[in-house]
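If you want the building blocks of each chain, they are given just below.
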Amino acid sequence: MNPLVISHEHPDWFKPLFAELQRRNIPYQTINPTQHHFALEEPSPGFEVFFNRMSPSAYLRDGVQGMFYTLNYLKHLENHGVRVINGYQAFTYETSKALQLVLLQQLGIKYPKSRLVNHSSQVEAAAEGLRFPIVVKANIGGSGAGIEKFDTIEEVRHAVENNLLDFGVDHTALVQEFIPARGGYITRVETLGGKYLYAIRVYITGESFNLCPADICQTTAGQELVRNACALDAPKNGLKVEAFTPSDDVIKTIETIAQRSGIDVGGIEYIIDDRDGEILYYDVNALSNFVADAVNVIGFDPHQKLVDFIERCMEGALVQ
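The structure reproduced in this document is the subject of the present report. Please read all numbers here as calculations on a predicted model, not as lab measurements.

Looking at the overall build of the protein
Across its full length, the protein carries nine helices and 14 strands. Residue burial in the protein is summarised as follows: out of 320 residues, 52% are buried. Expressed as a percentage of contacts within the protein between residues at least 6 apart in sequence, the contacts between residues at least 24 apart total 69%.

Describing the environment of S44
Residue position: S44 is located in the loop between β2 (29-31) and β3 (49-52). Taking the C-alpha atoms as reference, S44 lies 8.8 Å from V82; in sequence the two are 38 residues apart.

Overview of the pairing of strand β1 (residues 4-7)
Along β1, one buried face is formed by L4 and I6 and the opposite face, lined by V5 and S7, is buried too. Bridge analysis of β1 against β3 gives four bridges, and the strand direction is parallel. What sits directly across from V5, in β3, is F50. Here three bridges tie β1 to β2, and the two strands are oriented parallel to one another. The residue of β2 that forms the bridge with V5 is Q29. The parallel pair β1 and β2 is bridged by helix α1 (residues 15-23), and the resulting crossover is right-handed.

As for the environment of V284
Assignment of secondary structure puts V284 in strand β14 (residues 279-285). Residues V284 and E94 lie 190 residues apart in sequence; the distance between their C-alpha atoms is 6.8 Å. Not counting the four nearest positions on each side in its chain, V284 is found in contact with E94, Q100, I257, S261, I263, G267 and I268.

Some words on the pattern of salt bridges
In this structure the tally under the stated criterion is 18 salt bridges. Here D264 and R83 are joined by a salt bridge, their closest N and O atoms 3.2 Å apart. With D264 in the loop between α7 (248-261) and β13 (265-272) and R83 in strand β4 (residues 83-85), this residue pair connects regions lying 181 residues apart in the sequence. With relative accessibility at 13%, the residue D264 sits in the buried group. On the accessibility criterion, R83 (26% relative accessible area) is partly exposed.

Quick word on the sheet that holds strand β6 (residues 134-138)
Across the sheet, which stays open at both edges, the four strands sit in the order β5-β8-β6-β7 with antiparallel pairing between neighbours. The open sheet terminates on both sides in strands that have one partner only, identified here as β5 (114-117) and β7 (147-150). Between one strand axis and the next, the sheet turns by 20 degrees as a mean value, whatever way the strands run.

Side note on the sheet that holds β2
The strand order across the open sheet formed by four strands is β2-β1-β3-β4, and the pairing between neighbours is parallel. Single-partner strands in this sheet number two, and they are β2 and β4. Across the sheet, the axes of successive neighbouring strands diverge by a mean angle of 25 degrees, strand direction being ignored. By the bridge criterion, three bridges tie β3 to β4 in an arrangement that is parallel. If you follow V49 over to β4, its bridge partner there is R83. With respect to the sheet, α1 is in contact with β1, β2 and β3, its orientation differing from that of β1 by roughly 170 degrees. Sheet strands in contact with helix α2 (residues 64-79) are β2, β3 and β4, and its direction is about 160 degrees off that of β3.

A few points about the packing of aromatic side chains
Applying the stated rule across the entire model yields eleven aromatic pairs. Relative to Y281, the ring of Y270 has its centre 5.4 Å away and its plane inclined at 45 degrees; by these criteria the two rings are tilted. Residue Y270 is found in strand β13, and its partner Y281 is found in strand β14; the two are separated by eleven residues along the sequence. These aromatic residues form a ring-pair network of at least three members: F38, F47, F50, Y69 and Y73. In this arrangement the basic side chain of K75 is found over the ring face of Y88, its NZ or CZ atom lying 4.4 Å from the centre. Taking NZ or CZ as reference, R201 lies 3.9 Å from the ring centre of F244, over its face.

What about α7?
With 14 residues, α7 extends 20 Å between its outermost C-alpha atoms, agreeing within 8% with the 20 Å of an ideal straight helix rising 1.5 Å per residue. Packing partners of the buried residues in α7 comprise α3 (88-94), α4 (97-107), β9 (185-192), β10 (195-203), β13 and β14. Positioned one or two residues after α7, G262 has a phi angle of 75 degrees, which is positive.

Calculation notes
- Residue numbers run consecutively from 1 along every chain, following the written order of its sequence.
- Where local features are concerned, this predicted model is filtered to residues with pLDDT of at least 70; where side-chain atom pairs are given and counted, the filter is 80 or more; whole-chain, interface and lining totals use all residues.
- The side-chain numbers reported here are obtained from all heavy atoms of the structure, hydrogens and water having been left aside.
- In this text, helices come from DSSP runs of H or I with a minimum length of four residues, and strands from runs of E with a minimum of two, each type numbered from the N-terminal end.
- In this scheme, a residue with accessible area under 20% of its type's maximum is buried, one over 50% is exposed, and one in between is partly exposed, where area comes from a 1.4 Å probe on protein chains only.
- Contacts are assigned to residue pairs that have any heavy atoms within 4.5 Å of one another.
- If DSSP finds at least two bridges between two strands, the strands pair.
- For crossovers, right-handed means that the path from the first strand over the helix to the second runs clockwise, given strands pointing away from the viewer.
- Each salt bridge in this description consists of a side-chain nitrogen of Lys or Arg and a carboxyl oxygen of Asp or Glu lying within 4 Å of one another.
- Under this scheme, a helix contributes an axis fitted over its contacting stretch, all axes are lines through C-alpha atoms, and angles between N-to-C directions fall in the 0 to 180 degree range.
- Any two of the Phe, Tyr and Trp rings considered here, Trp counted by its six-membered ring, make a pair once their centres fall within 6.5 Å; the pair's planes then place it as stacked at under 30 degrees, edge-to-face at over 60, or tilted in between.
- Here, a charge over a ring means that NZ of Lys or CZ of Arg falls within 6 Å of the ring centre while also lying within 35 degrees of the ring normal.
- Take the residue count of a helix, subtract one, and multiply by 1.5 Å to get its expected span.

Right under this line is the structure:
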């Protein structure tokens, strides 16, 4: 078996990664975590490095079974000493927006004011004390799925009374203040090995919560971007992007989140609240799709840095 195994279920997102591995003649094998099995008694998995690319949004592609299964498999691999990139701890945070906020609370990092609910009957009470508009977010979402915005408490009541809320696959949701973005953008910071890699500003339309960086269409100058990580027929969402370098304090905060969550490669998003200028961190992603057409946006190909990191992991696993 190849020393490197990559677990993923999306047909297009990781083509640039595979292309860079092939360019360097690095052997690898892929598995589909939505259709998989393993033996608990096996003495060793037979490979040194496992790269977990399972997505929380897999339930939108008939892959819900892969999410919870993956947690079990990652723990099994780690018990056998396999070097898992984005392992059990990282994927635990990836699959729970609530746990992400628990971590931020523990670290003293500011985030949008939020409540946690497990039944639609609790949403109105949970909204008490929150500033409207609010959003109700499925705890396990991905690609903006499972988010609904409400401008008034009457809209909330209507949704509850008519059974219009979907809490997703774990029947848990966040009731959270909707943050008006100062400047009309959010900032996404990518990390690798627990360290800052690059950042982008994504200018949002207000019509979609899907801010997948691989599916952004244009630079702020209007240049069309080649979205080589997504299907050719992926819908254009009108998002625009530009490279950006955050302050040293923000970078330190981002690195702290990545390191404490155990994320080897991932993106963390923050927003500046237009009401008071506060920086609020709100999304921790262990499955990171790098920005489309990265060389034209940030000046380098992050997949090359990622494969450098994978090679170091493979070398480290061999000397153990």
